[in-house]
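Reading the structure
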Amino acid sequence: MALVQPVRAWAADYRCAQVDLVAQVETSGTVTIVDQRVFEFADEEGAYPTDDAALEDAQEKDAGEKTADGDKAESPVGQGDTPADNAAATSLASTAPQRQTLKWLYDGFDEDAEITIKRVRMAAADAEGNVVGKWRKLKSTTFVLSWRGGGGPETEAWSFDKYRSTLYAFIENTEPRVVFEVTYTVKHAVVAFDDAADFSWGYAPRDYPVDLHNVSAEVILPVPADDKVVPSDNVRAWGHGPANGTVDIEKDGTVTFADPEVPSASYALGRVMFPVEWLANMPDEERYAHQGSLQYEYTTRYEEGWVDSNSYQKMTRDGLAGALLALAALALLGGVLAFLRWGRQRPPQFTADESRDIPDPSLPPAVMGRLWRWNHVSSDDVVATLADMALRGVVALRADDSEEAAVVFEPWREPLRTEEESEEANLQEADDVEEHAPATPEAALTLAHRDAMDEATLRLLTYVAQGGNRLTAEQLDHFAQKSPGAFLRAVDGWQQVLTAQVEPYRFFDLRSRRAQRVMLVGAGVLALAGLVALFALNVPTGLLSLAAAVALGVLANYTMRRSPTGNEITAHAKALRNWMAAGGAYEEGLTSAEVDELVPYGLLFGVLGDLPATPLGAFVGQCSELSEEALRRSSRRAEVSGSSGDAPADKAVEPHWRPFWRRPAAPREEPIDDDF
């Protein structure tokens, strides 16, 4: 096959607007090929010539340029018949790339084929691809191996790398639209068999740098004067490549392969078989090299099988693409229906825009934060719990001798137990909770959850403070950087305790959560199928599937809804948030103690800065920033250092850490209401 592949060494971007190839098969078996291609080069701004307006403007400009003594400047290609010819031959040279390298790859012929380059020339072209002015012939030069990686001669020339069957053309000051012509011969290109001659030609390569447009490849057969062409009988032709390509056999012995477009990732190949008797001047050595082989019947069956196989594969791909698109449509429809059925929020009974009342004082602030954020994890939950504990006197917030803010607490001392002793202790504690449980489930939740969160927070503080009774910002930063893996695991353990405390409230509709999980799994499967379709089927199907997966994922994100109780609490929370954001605390003149009660919720709702300044509010704001920064640093250091990211010196600390104890809590009995 003859693969023509221009690529750039120092070149600007270009595109191939037209390809005209003519292969003349001679009676000796040698094929002479004339390859004409119209290239359009981008200017410095990346614009391509689209019509002849720019060309005409440049011709007028060139025609008006004079030398110092009044004569017209000499054309670099010599004098033409008219000034317009000379102007056209040099048009737009000043705006085109200054130096370029084009490369042609000739490969795919029979292994004994010999390629000889006869002529390489170029000329300016108009919008239809017609030559404007005179041809500019390039001179040949000896090839230098270093040119394979770039560079070239100092002047315009072409050179042939015979070891790689590659032609290089080194040009400069070219026009934005040029027609390039290469004439070459290929000996031993036609293979002779007992009953037929076979000529295969890859006239458009696979993985071409740019798409090829308006491709035409003609094969002219050496038809004897006393014989005639019978299409599909003594002359047979097959084409392989784009599905919209055509093959035409004329009675004068011309076989034309045409492709409106050959994408860069595709290819185009033509194969022609004709009577071997037409190769009257082929040397006997070549004529009888494949004696004893009949090709008409065998090749016809082979090509038809290839066509049938390609057709079957195309039908299979089209069927799979259709099935995937149908599946995507059904999944998207199912997602819409699931959203309409379970995703729409119920309207709450509380409709006030602003309110200064705390939504539910019995809820631990961290549980309120999870309800507010759809159960998403946040470091603010830890800080809000710390502020709540400070308000209840469980911990103290004060400054040490250096005026550095610190959390002072009673260190958590967990007795060392064996695994059996721990299990027995947990069972006994569960029995104690059940025996002394409050009268109502809500009271049980409040007591159990506040106890569990206080315990988890004290254990976290004790662990980070290395067993001390005070934790400062410097200690937090030091521990997070020195033992990032241990710090992340400790915070994750705290969040697991919080998750266990949130579940019994059933703030989120169970069926909507199940629908969300199904939709997320469906979106993931659809996205994976779309990625496979991009490579195995076609790009449009893959992109449509990926778009459907994204849409389904977005629907899934909004499908989970809150329970009626959770929705009511959230409505009150929104009203409190709006009241704080509107400066209600300033308008009503709240005392510092009253403001401090709102501080945990201001942090959770993102309006802490809208509350009047208090020592607790300042401490909580600083603590929130420090915790987020510590988590970010720990995550980065853990990723860089490995899975654990801990310094060896701190390994002795971690065995004293125990998994967080989860106190059993009575579940809140609330029926699942699926009405809208």
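The shown structure was predicted, so the numbers you read here are calculated from the model rather than taken from an experiment.

Turning our eyes to something else, we now look at the sheet that holds strand E13 (residues 236-240). Ordered in space as E10-E11-E16-E13, the four strands form an open sheet in which the pairing is antiparallel. This sheet does not close on itself; its edge strands, each paired only once, are strand E10 (191-192) and E13. Note that strand E11 (residues 197-204) and strand E16 (residues 268-274) share six bridges and pair antiparallel. Along E16, the bridge assignment pairs Ala-197 with Phe-274.

Under the criterion given, the structure shown has five cavities of 30 Å³ or more. Taken as a whole, the largest cavity spans an internal volume of roughly 390 Å³. Around the largest cavity sit 23 residues that line it, and Leu-386, Leu-471, Leu-476, Cys-623 and Ser-627 are the ones nearest its centre. The element that contributes the greatest number of residues to the lining of the largest cavity is helix H16 (residues 615-641), accounting for six residues. For the lining of the largest cavity, the class distribution of residues is 18 nonpolar, five polar and no charged.

Moving on, we get to the packing of aromatic side chains. Enumeration according to the criterion identifies 15 aromatic pairs in this entry. Ring centres of Trp-372 and Phe-605 lie 4.4 Å apart, and the angle between their planes is 40°; this geometry places the pair in the tilted category. Of this pair, Trp-372 sits in helix H5 (residues 365-372) while Phe-605 sits in helix H15 (residues 592-605), placing them 233 residues apart in sequence. Residue classification places Trp-372 among the buried positions, given a relative accessible area of 17%. Classification of Phe-605 as buried rests on a relative accessible area of 7%. Three or more aromatic residues joined by ring pairs form one cluster here, namely Phe-143, Trp-147, Tyr-168 and Phe-170. For Arg-121, the ring lying beneath its charged end belongs to Trp-135, and the centroid distance is 4.0 Å. When the ring centre of Trp-374 is taken as reference, the NZ or CZ atom of Arg-562 above it lies at 4.0 Å.

Below, the discussion takes up the pattern of salt bridges. Tallied over the full model, the rule gives 17 salt bridges. The salt bridge partner of Asp-161 is Arg-148, with a shortest N-O separation of 2.8 Å. Here Arg-148 lies in the loop between strand E6 (139-140) and strand E7 (157-161) and Asp-161 lies in strand E7, a separation of 13 residues in the sequence. Given a relative accessible area of 1%, Asp-161 falls into the buried group.

Before going further, it helps to examine unusual backbone geometry. At Trp-374, a position not held by glycine, the phi torsion is positive, near 60°. Tracing the backbone shows Trp-374 in the loop between H5 and helix H6 (380-391). Judged by relative accessible area, which is 25%, Trp-374 ranks as partly exposed. Backbone geometry at Asn-375 places phi at a positive 70°, although glycine is not the residue there.

Let us look at the side chain of Gln-516. Within the fold, Gln-516 resides in helix H11 (residues 510-536). Residue classification places Gln-516 among the buried residues on the basis of a relative accessible area of 14%. Beyond its immediate stretch of four places on either side in the chain, Gln-516 contacts Ala-556, Asn-557, Thr-559 and Met-560.

Quick look at the confidence of the model for the chain now. Across the chain, the average pLDDT comes to 76, with 75% of residues at or above 70. Ignoring residues within four places in sequence, the model shows residues 1-12, a span with pLDDT below 50, making 60 contacts including any to other chains. A low-confidence stretch, residues 57-97 stays under pLDDT 50, and its non-local contacts, those more than four residues away or across chains, total 57 contacts.

Our next topic: the packing of H5 against helix H10 (residues 484-502). As a packed pair, H5 and H10 sit with axes 10 Å apart at the nearest point and diverge in direction by 80°. Our classification of the angle between H5 and H10 gives roughly perpendicular. Residues Ala-366, Val-367 and Arg-370 of H5 form the contact with H10, whose participating residues are Trp-494, Gln-495, Leu-498, Thr-499 and Val-502. Its residues assigned to classes, the contact of H5 with H10 comprises five nonpolar, two polar and one charged.

At a closest axis distance of 8 Å, the pairing of H11 and helix H12 (residues 539-557) adopts a crossing angle of 165°. With respect to each other, H11 and H12 are oriented roughly antiparallel. Once H11 is placed against H12, the crossing between them reads as left-handed. Each residue belonging to the contact of H11 with H12 can be placed in one class, and the counts come to 16 nonpolar, eight polar and no charged.

Turning our attention to the pairing of strand E8 (residues 166-172). Buried residues dominate E8, accounting for six of its seven residues. Relative to E8, strand E3 (residues 99-105) runs antiparallel, the two sharing seven bridges. Residue pairing for E8: Lys-103 is matched across the bridge by Tyr-168. Here E7 pairs with E8 via five bridges, running antiparallel. When the sheet's bridge partners are listed, Trp-158 is paired in E8 with Ala-169. Counting the residues between successive antiparallel strands, the hairpin from E7 to E8 contains four residues, one of them, Ser-165, with a positive phi of roughly 50°.

For a regular strand, side chains alternate in direction, first toward one face of the sheet and then toward the other. As paired strands, strand E12 (residues 212-220) and strand E15 (residues 254-262) are joined by eight bridges and run antiparallel to one another. Within E15, the residue paired with His-213 across the bridge is Glu-261. As judged from the four bridges shared by strand E14 (residues 246-249) and E15, these two strands associate in the antiparallel manner. Across the sheet, residue Ile-249 finds its bridge partner in E15, namely Val-255. What sits between the antiparallel neighbours E14 and E15 is a turn of four residues, in which Gly-253 has the positive phi angle 95°.

Structurally, the position occupied by Ser-165 is in the loop between E7 and E8. For Ser-165, the residues in contact, after removing those within four places along its chain, are Trp-104, Leu-105, Tyr-106, Ile-115 and Phe-160.

When you line up the elements, Ala-556 lands in helix H12. The class for Ala-556 is buried, based on a relative accessible area of 0%. As a C-alpha pair, Ala-556 and Ala-515 span 41 residues in sequence and 7.8 Å in three-dimensional space. Those residues in contact with Ala-556 that lie beyond four places of it in its chain are Gln-516, Met-519 and Leu-520.

How each quantity is defined
- Residues numbered from 1 in each chain as written.
- Predicted model: local features only at pLDDT ≥ 70, side-chain atom pairs only at ≥ 80, totals over all residues.
- Heavy atoms only, no water.
- Pairing = 2+ DSSP bridges.
- Helix = DSSP H or I, 4+ residues; strand = E, 2+ residues; numbered from the N terminus.
- 1 Å grid on protein atoms, 1.4 Å probe; cavity = no way out; pocket = protein on both sides within 12 Å on 5 of 7 lines; lining within 4 Å.
- Points joined across faces, edges and corners; volume = space filled by probe spheres on them.
- Nonpolar A, V, L, I, M, F, W, Y, C, P; charged D, E, K, R; others polar.
- Phe/Tyr/Trp six-rings, centres within 6.5 Å; stacked < 30°, edge-to-face > 60°.
- Buried < 20%, exposed > 50% of the residue type's maximum accessible area, 1.4 Å probe, protein only.
- Lys NZ or Arg CZ within 6 Å of the ring centre and 35° of its normal.
- Salt bridge = Lys/Arg side-chain N within 4 Å of Asp/Glu carboxyl O.
- Contact = heavy atoms within 4.5 Å.
- pLDDT = per-residue confidence, 0-100.
- Axes fitted to C-alpha atoms, helices over the stretch in contact; angles between N-to-C directions.
- Parallel < 35°, antiparallel > 145°, perpendicular 65-115°, else oblique.
- Left-handed = near helix turned anticlockwise from the far one by under 90°.

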